[in-house]
Structure formats: structure tokens, C-alpha cells
Amino acid sequence: MPSMARWGRRALPWLLLFCFLPAADPVAVMSVDVGSESMKIAIVKPGVPMEIVLNKESRRKTPVAVSLKENERLFGDSALGMSIRTPKVAFRYFQDLLGKRINNPHVALYQSRFPEHELVKDETRQTVIFKLSPTIQYSPEEMLGMVLNYSRGLAEEFAEQPIKDAVITVPAYFNQAERRAVLHAARMADLKVLQLINDNTAVALNYGVFRRKDINATAQNIMFYDMGAGSTVCTIVTYQTVKTKDSGTQPQLQIQGIGFDRTLGGLVMELRLRDYLAKLFNEQHPSKDVQKNPRAMAKLLKEANRVKTVLSANADHVAQIEGLLDDIDFKAKVSRQEFEDLCSDLFKRVPGPVQQALSSAAMNMVEFTREVEEDDKSRSLKHNKRILFQRMAPYPQRKVITFNRYTDDFEFYVNYGDLTFLNEDDLQVFGSLNLTTVRLKGVGDSFKKHSDYESKGIKAHFNMDESGVLSLDRVESVFETLVEDKQEEESTLTKLGNTISSLFGGGGPTPETGENLTDSVQEEEESLAESGKEEQGEKQEQKSRIVDAGEEQEQEKQQSSGKAETASPKVESQRKEEGEKLEPQGPKGNRETAKEEELSKSSGDSTATKTEEEKIKAPKKQKLVHEITMELDVNDVPDLEEDELKSSMKRLQDLTVRDLEKQEREKSANSLESFIFETQDKLYQEEYQFVSTEEQREEISKKLSEASSWMEEEGYAAATKELKDKLSELKKLCRNLFFRVEERRKWPERLAALESLLNHSTIFLRGARMIPESDQIFTEVELSTLEKAINETTIWKNETVAEQNKLTPAEKPVLLSKDIEFRIAALDREVQYLLNKAKFAKPKPKREKNATRTDSGKNTTAAPETENTIPPTEGKQEDKMEDSDPAKEPPTAEKAAIDDKPESDSGSKKEKAEAGGESRKNDEL
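Here we take up the overall build of the chain. Scanning the chain for helices and strands turns up 27 helices and 31 strands. Looking at the chain as a whole, 44% of its 925 residues are labelled buried. Taken as a whole, the chain presents about 49300 Å² of accessible surface, with 49% of it coming from carbon and sulfur.

Here the focus is helix H7 (residues 266-284). Relative to the 27 Å expected for 19 residues at 1.5 Å per residue, H7 spans 27 Å between its end C-alpha atoms, a close match to the ideal helical length. Taking burial as the measure, the 19 residues of H7 include 14 buried ones, the bulk of the element.

It is worth spelling out the packing of aromatic side chains at this point. Applying the stated rule across the entire model yields 20 aromatic pairs. Taken together, a centroid distance of 6.3 Å and an interplanar angle of 70° make the contact between phenylalanine 412 and phenylalanine 462 edge-to-face. Here phenylalanine 412 is found in strand S23 (residues 411-416), whereas its partner phenylalanine 462 is found in strand S25 (residues 454-464), with 50 residues between them in sequence. Here phenylalanine 462 falls in the buried class, since its relative accessible area comes to 1%. Relative to phenylalanine 479, the ring of phenylalanine 447 lies with its centre 5.2 Å away and its plane at 75°, an arrangement referred to as edge-to-face. In this pair, phenylalanine 447 is assigned in helix H13 (residues 443-449) and phenylalanine 479 in strand S26 (residues 470-483), connecting sequence segments 32 residues apart. On the basis of relative accessibility, which here comes to 16%, the residue phenylalanine 447 falls in the buried class. Over the face of the ring belonging to phenylalanine 738 we find lysine 682, whose NZ or CZ atom lies 4.9 Å from the ring centre. The cationic tip of lysine 726 hangs over the ring face of tryptophan 710; the distance from NZ or CZ to the ring centre is 4.9 Å.

Now for the nonpolar core. Met30, Phe94, Leu148, Phe412, Leu440 and Phe462 are the most contacted members of the largest nonpolar core, which totals 100 residues. Top contributing element to this core by residue count: helix H4 (residues 140-159), with nine residues. Setting aside residues no more than four positions away along its own chain, leucine 440 makes contact with Asp409, Phe410, Phe412, Ile458, Val475, Ile628, Thr629 and Met630.

Next up on the list: the confidence of the model for the chain. Looking at the chain as a whole, its pLDDT mean stands at 77, while 71% of the residues score no less than 70. Ignoring residues within four places in sequence, the model shows residues 361-365, a span with pLDDT below 50, making 13 contacts including any to other chains. Every residue in residues 525-609 scores below 50 in pLDDT, and together they form 284 contacts with partners more than four places removed in sequence or on other chains.

If you walk through the whole model with that rule in mind, you get 35 salt bridges. With its nearest N and O atoms 3.0 Å apart, the salt bridge here joins aspartate 654 to lysine 650. Of the two residues, aspartate 654 and lysine 650 both sit in helix H19 (residues 642-682), four residues apart, roughly one turn of that helix. Given a relative accessible area of 40%, aspartate 654 falls into the partly exposed group.

Where helix H22 (residues 720-769) contacts helix H23 (residues 780-806), the axes come no closer than 10 Å and their chain directions differ by 150°. Taken together, the axes of H22 and H23 are roughly antiparallel relative to one another. The element H22 and its partner H23 pack so that their crossing is left-handed. Together, Arg744, Trp747, Leu751, Leu754, Glu755, Leu758, Ser761, Thr762, Phe764, Leu765, Ala768 and Arg769 of H22 and Glu780, Leu783, Ser784, Leu786, Glu787, Ile790, Thr793, Thr794, Trp796, Lys797, Val801 and Gln804 of H23 make up the contact between the two elements. By residue class, the composition of the contact of H22 with H23 is 12 nonpolar, six polar and six charged.

In this section: a negative patch on the surface. A cluster of acidic residues, Glu673, Glu712, Glu713, Glu714 and Glu722, forms a negative patch on the protein surface. With respect to the element layout, glutamate 714 can be found in the loop between helix H21 (694-713) and H22. Glutamate 714 gets classed as partly exposed once you look at its relative accessible area, which sits at 48%.

Our focus in this paragraph is the pairing of strand S12 (residues 165-170). With six of its six residues buried, S12 lies for the most part within the structure. Taking every second residue as pointing to the same face, both faces of S12 are buried, with Asp165, Val167 and Thr169 on one and Ala166, Ile168 and Val170 on the other. As paired elements, S12 and strand S13 (residues 192-198) share six bridges and run parallel to each other. Each residue of the ladder has a partner; that of threonine 169, found in S13, is isoleucine 197.

Quick look at unusual backbone geometry now. One non-glycine residue with positive phi stands out, namely tyrosine 93, at about 55°. By the secondary structure assignment, tyrosine 93 is in the loop between strand S8 (90-92) and helix H3 (105-113). You can call tyrosine 93 buried: its relative accessible area is 3%. Not every positive phi belongs to a glycine, and glutamine 126 is a case in point at roughly 65°. With respect to the helices, strands and loops of the structure, glutamine 126 is situated in the loop between strand S9 (119-121) and strand S10 (128-131).

For the rest of this paragraph, the subject is the sheet that holds strand S6 (residues 65-69). The pairing of strands in a sheet happens through backbone hydrogen bonds and is either parallel or antiparallel. On the basis of which strands lie adjacent, the open sheet formed by three strands has the order S7-S6-S8 and antiparallel pairing. Edge positions in the sheet fall to strand S7 (72-75) and S8, since each has one partner strand and no second. For this sheet, the mean inter-axis angle between neighbouring strands, taken without regard to orientation, is 20°. Running at roughly 110° to S7, helix H2 (residues 76-85) makes contact with S6, S7 and S8 of the sheet.

Moving on: the side chain of aspartate 636. Here aspartate 636 shows up in the loop between strand S31 (620-634) and H19. Aside from chain neighbours lying at most four places away, what touches aspartate 636 is Arg101, Gln176, Ala177, Arg180, Ser432, Asn434 and Leu435.

Here is what the cut-offs are and how they apply
Residues numbered from 1 in each chain as written. Predicted model: local features only at pLDDT ≥ 70, side-chain atom pairs only at ≥ 80, totals over all residues. Heavy atoms only, no water. Helix = DSSP H or I, 4+ residues; strand = E, 2+ residues; numbered from the N terminus. Buried < 20%, exposed > 50% of the residue type's maximum accessible area, 1.4 Å probe, protein only. Areas by Shrake-Rupley, 256 points an atom, 1.4 Å probe, with all protein chains shown as cover. Expected span 1.5 Å × (residues − 1). Phe/Tyr/Trp six-rings, centres within 6.5 Å; stacked < 30°, edge-to-face > 60°. Lys NZ or Arg CZ within 6 Å of the ring centre and 35° of its normal. Core = buried A, V, L, I, M, F, W, Y, C linked by side-chain atoms within 4.5 Å. Contact = heavy atoms within 4.5 Å. pLDDT = per-residue confidence, 0-100. Salt bridge = Lys/Arg side-chain N within 4 Å of Asp/Glu carboxyl O. Axes fitted to C-alpha atoms, helices over the stretch in contact; angles between N-to-C directions. Parallel < 35°, antiparallel > 145°, perpendicular 65-115°, else oblique. Left-handed = near helix turned anticlockwise from the far one by under 90°. Nonpolar A, V, L, I, M, F, W, Y, C, P; charged D, E, K, R; others polar. Patch = residues over 30% accessible without salt bridge, like charges linked within 9 Å, V, L, I, M, F, W, Y side chains within 5 Å. Lys, Arg positive; Asp, Glu negative; His and termini not counted. Charge placed at Lys NZ, Arg CZ, Asp CG, Glu CD. Pairing = 2+ DSSP bridges.

See the structure below:
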């Protein structure tokens, strides 16, 4: 049984990846659900779990289409529109050509569906290339790379930040060549693919995530039947909650079976309806053949799509196209029964994926060639098979296979396993069943160099990554020997080092039980800790892999418990670059080190010491690993060479730069044209004529007319800089005119605000001066300062307005809106200061009348307060400031005056007020 995918861990890496990122790293990742006909884009960024990206038409779904016409490149709906006007330059459904040779049946099928495109052979890789002209050619990978780059642009605009990481969906039936082609396309778009996720797995995850409450310990089997535009996939999934050691009870899904039909979808139905409509048109007009006109056929395909949709809810509908061919209109009635008759054989294929999904199961077959000795002492080669990764096995995972019978250089083959569940047509589309030929160099040399060691076999380390792509990481020859432990010569420092090593996993790997008992090809699963990755249980369907090797037998690693034996992380983590190392073998090293430390602690016990010494002196195993050089030949579809891949990346980047430059030029041209037309219209508006002379308007109008003529005659070919310079020149010419108009628009509002503030300030000042002296909270300095500000502002307003009235409207104004705003702010600041002081001031306490006072009109000899007395120190003033909460007030003019006053209390009240006002003025300056 395949393992289950655990949500919240690795099942949704593209949703959960950034939950633990620090806020200082505002990175985002995108996911692209690439279908045959359209795609959807989503982004994940800090603070946003997931959000669907809207395209430029504000839609969630974007057509997967590219239009390449001369120097113009279009995507999405714009490219789809171009497919009607110029079908030859608009490309769709090119994903069907990824990872396929020119002789693949799907290539011929694509050519029959879209005869307007010219497909040629790539002589290097034997794959397909779109030929646009003798000098312009693009591969399907480059087409997909353009679409992915466009999707990234939409995502970056939506996320408002750069994006480099992406998760991309692929059909579950994609083989190794097709998956590698998608990765190549992403690299051309300068995207880092975190994972290629099967679209059926994404569907199952989405279903389970939003139905979490319905999942319990009872297994629930759900079938997903997905018929898209190009293909159909059926998936059977089991949902269940399981209790785990680390995370407690968690929901899990298990993909039980998968079935598919690569060519059963909406497109083939539309194509049949298109051909039927073409037949009706030819019957109506016998002298015409609409099928020879690509543009007319493209119109018929679009209409077939519309009619198909309408017939899903109606018994019949009328198909009609204006000017289909040679200005001839087309109109025909189509019934649902007619459409169903056209697709009757397609409907019979609908249950096929369901039957495949129900019957799919993990394969047990076991392939390699080995030399055996017959009864008559003759030798012959026997061909066997071994499964490396089973069909329904989850990934990512690693496997190690061991060859024990080879002492010299040899080669083996990595192929697909049993594909009998596919019919003959599907097998032809699937392509080559041989994946890779692996030739090992240096096996014999390693045995000669280490002839004194016992061989533990040649180990090949295979990896099935998160995207379902198989790779051979490395091949090693492993040797083993026995060495004596020289305990008596060890220093205290060495003992301490050994103890620390034992505590941190330095004891070496577990011995490989029974590895030499038989001549075998050993199949074992490598520990995920060795690769530095978490255990990932995402269950995704993938074709099985087998190893075809020259003379080996099998030894199962499965023990009675059913668990696979794993290779030690010690072997991997400490392996040297040059391919050789010595390390202790087995857990025995740990035990011996621990016993050695125990021996040093219990030296007083002679009996225990004697027993431990005997054990310590026993020999222990050491392992030596020698890396073998390997040469890989790809047998299905050759990968792009590094130089070719970089060349494709540069071509796509150049196209992107060209598109950006084109957009910038179009923007500059539009800005220039808009400015010309808008300004020509403004010259006839009353407010612009009022502030300009006839000569000024004529000069501007002349320049605008010259620029308009230049745009018509030369501007279409002008560079972006030239267009920007022309616009800058015109704006400079009209700057003063626009300034005068803008100022006069602002004057009424600004002057009204200033006048209102002056009136309110005057009323406030008058009221403040009327406060009784016993309750007065403002000083004379503060009130005088406000009065001065009111007077100065009033004088400035009156004088400036009068001066402005002397000027003609066409002259540069002296009354500026920014000056009015400055005066408003300055006066408002003085008023707000006094208002804040009044808000936080505490009322003065009421004093009782003095009993010894005989005449209220005369001063007593010890008057408690004197009006003209100013304290000689700052104490009282500071107390007053504290009462008014100085933390909430700016420095006052009164405090500034007190800080600078002389020690003497003499001087008139007027002089002190003037001194305080001068000091406040200095503070303001």
C-alpha cells in the first residue's frame, strides 16, 4: 500500500512554506495550475495564507496562449483574440508536445488539429520545434517558459513584490521526459520550482482541507473524475484520521488508484463540432471549401465552443458567424442529439479511466541479468527484473540497490516497469520505456586498491524527488575490515573526544544484516535523515521504475516487521569529496566507547576492569567507501544541454525586455498624444483664455500643432527617449499658463480660510482680554504675541491682495497659494497654543478676606499679592507650567521671558511684556 500524505506537513508546501518566515523576509511564492486550455495563479506571502491572482481583465482564469507576431508578443485573452485574426502566430495546447520526439503519435495529432502551424524536427534532440520563419523558431519548452514568465509578472504585480519560487501542477500521467521538460521551461523563465505537484493530488488535497470536520477514523473512499479540455483523469482517494507520535490525530489521504485518458476532453468534442459546421457551410456553398482557410476554421472553432456550452442546457441552438468566408455569413441549426451522435464513440471512453483507477494496484515484479552455472557446468546469462520504485509508491523517497557480484567495470539500465495497464495507443504516446543507461568506471581499480578489504558490494543511490523526477545521486563501492583497538595508548583528550562523538551519533551505522549470505541485488530504502530532508508522505501516482543490471540476485531488506532497513546517515554525512573514508562499523563503536569511559570510572574494581579490558581489546569493524565514476546516457528524450538552456533563457529574457520597452514606448506615445489633445482643448476654455494673451496662446497652439504633425509623420518610429523629450518640451512651454490657472482655482478657498481664521482669532483675543484678572490664565506676553500675529497676517493679506489686483491676469501672480497656507499655519499655531493652555489650566483657589483689612480700597502693609510683582526666581512660573501639564505643551513665550529676565524685580509691566515678546520672537526665529 502507498503511504499517506499528511496535511499541515508536506502535503501543502506551497501553502505552508512561509508560515514560519520572519517578518524581515517579505518573500512570496506562487502556484500555477497549468491546464491544457487555461491556468490559474495563486500567491502565498507573509500574512496572506493564499490568494487567487486576478489577471489584467480581472479574471481568475487566464487562457494558456501565446501570440508571436513580428515585434509583438501577446498572452492570455489578447493572444486568444489573435488566434482568430491571425491563427498562424497564435499557439495553444502546446503542452501536448512537451518531452516528445517528432515521431510521437501526439505530434501527428497536434498537426492535424492545428494545420496552420509548421512543426519541424530538432536535429539535436529529435523533438519538435515551432517554425515561425526561417530565422525564428521556438520549442514547446520555450513556449511554456513564456507563459510561466507571464504568470510570474501577474503574480508580482498582484503581490507587489518580486517572486522567484513556484509550485506548478502537471498531469498525473506525465512521464519523466515530460516532467523534466516542465522543469526546463521553468528554468528558462528564471523560476525556482519548489515542486511539481500532480493536479489530481492537488484536487484531493483541496477537497480534504475544506472538509476537515467530515474526516474521522473511519476510512472514506472518494472518486474524483476530472474531464478537462485536453484529457480525463480519475482518482480514488481514501480519507482517514490517524494517530501519530509527533502530531497526535491528523487527517491523512491515501491515493488508491489512478486512471486516465490523454485525449478525452472538451477540445476533441469542439473539434468534431467545428468540422461538422464546416461540412454544413460547404453544403450550403458547394463552390467554397472553408476547411482550406485557417482563419475561417478558427472562427468555426470558437463558435463550436459556444454552441457546445449552450447545448448542455438546451435541446438545440443556432450557430451563426458573420463574414465567415469571402464575406459570406453562416447560419445553421444544431441539435443536442446531433452533437451527441458526433461524439458517441467518445462517450464510450468515459468509463475507461474509472476502470483503470479501480484495477490499479502496486506491482510486485521483480529486472537484471546475471551469469548462472547450469547443471552441465556451462554458464549462461539469466535476465531478472527488480522493482526500484513501485507504481503507486509515494515520493519523495530514496532507495539504495547493492550489486555484490561485480569486481570490474559494468553497466546497468534504468527502465519503466510493467505498463500492461496501458493500451497500445497509450504506449506509443508514452514513448521510450528505457530511461537511462548507467556505465560505471573505476570498479576494478577500487578492488585492486583495496584488495585487503572485504567487499560489501557496489551501492547505487537513487532519488525520487518532490516533483516525481528520478535521479541517480551517486555510486559507491563499500569495503570493510577488522582493526584492533589500541586502548592503552589513548590519551585523556582522545577519550573525551570519543565520548562526545558517541553522544552525537559518532558510533557508526548499523551493520547490514546478512548482506553477504547470498549473491544478491539488494533493495533497500535509504534513511531520509541522510538526505537532510523530513519524512514526506505525500502520495502521488508515478510510473514504476526498475533496474536492469548485469549479474545479480535479490535479497529483500524487509524484515518480519515489514519495515525497510535503512542505510546509516553516518555513511552519507561524512563521505569525503575524493570518495574514500574510514569509519567505525556498527553500533559496537558506541558500546566500546561507553564501556571505555565506564572502565576509567571504576578502576578500583579489579574484577570488572579485567572483563572490560578483554572486551575493549576485541577487534572492531571499519568501513571504507570509494566513490565510483558514473556516465549517464538518457534514452527517452535527451535533456537540453546547459549551453542550449542558457541560450533559451537569454532569448526569453530578451523577449521580456523587448516587451517592457515596447510597453514603455507605447505609454510615452500615449502620454504625448493625450497632452497635445488636452492642451489644444484647454486653450479654448474661458479660464485659460482669461490668464493668457492672444500671442501666448498662438505660440502654444503652434507648438502643439507641430508636435501633432510630427507624431503622424515620424512619431510612429520614434524612440522612447525622443517621445519623452518632446513631451517635456511641451510641458515646459505650458508650465506658466497652467500655474496661473491653478493658482486662481485655489485663491477663493485659501483666502476664505485665512479670513475665517483671522475673524475667529480676533474674537478669541478679545474674549481672552476680558477675563477677570483674578481668573486670568494667559500672560500679557502671550496675548500680545497673538495680537501681533493677527495684525501682521492682516497687513500681509491686504497688501498682497492689493498688489495682485494691480497685475494683469496674464502676468506672474504675487499672491501664491503656498504663502496663504503658510500664513494660515503660523496663525493657527499661535491660537492652538493658547487653546491648549486653557484646556489644561487649573482654576485659581478662592482666597478668604483678611480680617485685619479695614479699607478694601487701600493696600495693607502685608499684601498677599501685588499685581506688578514678578518673582525673582523661576519656581513659581515652573509651578504654573506644571499645573498646565507642560509635557503636553510647547515652550511658551512667558517662560522664555522669565529665563532671560534680570534678578531685579524693578521695571514696569509694559517693559517686561515687551522684553518677553522680543524673547519669544527670538525663540521662533
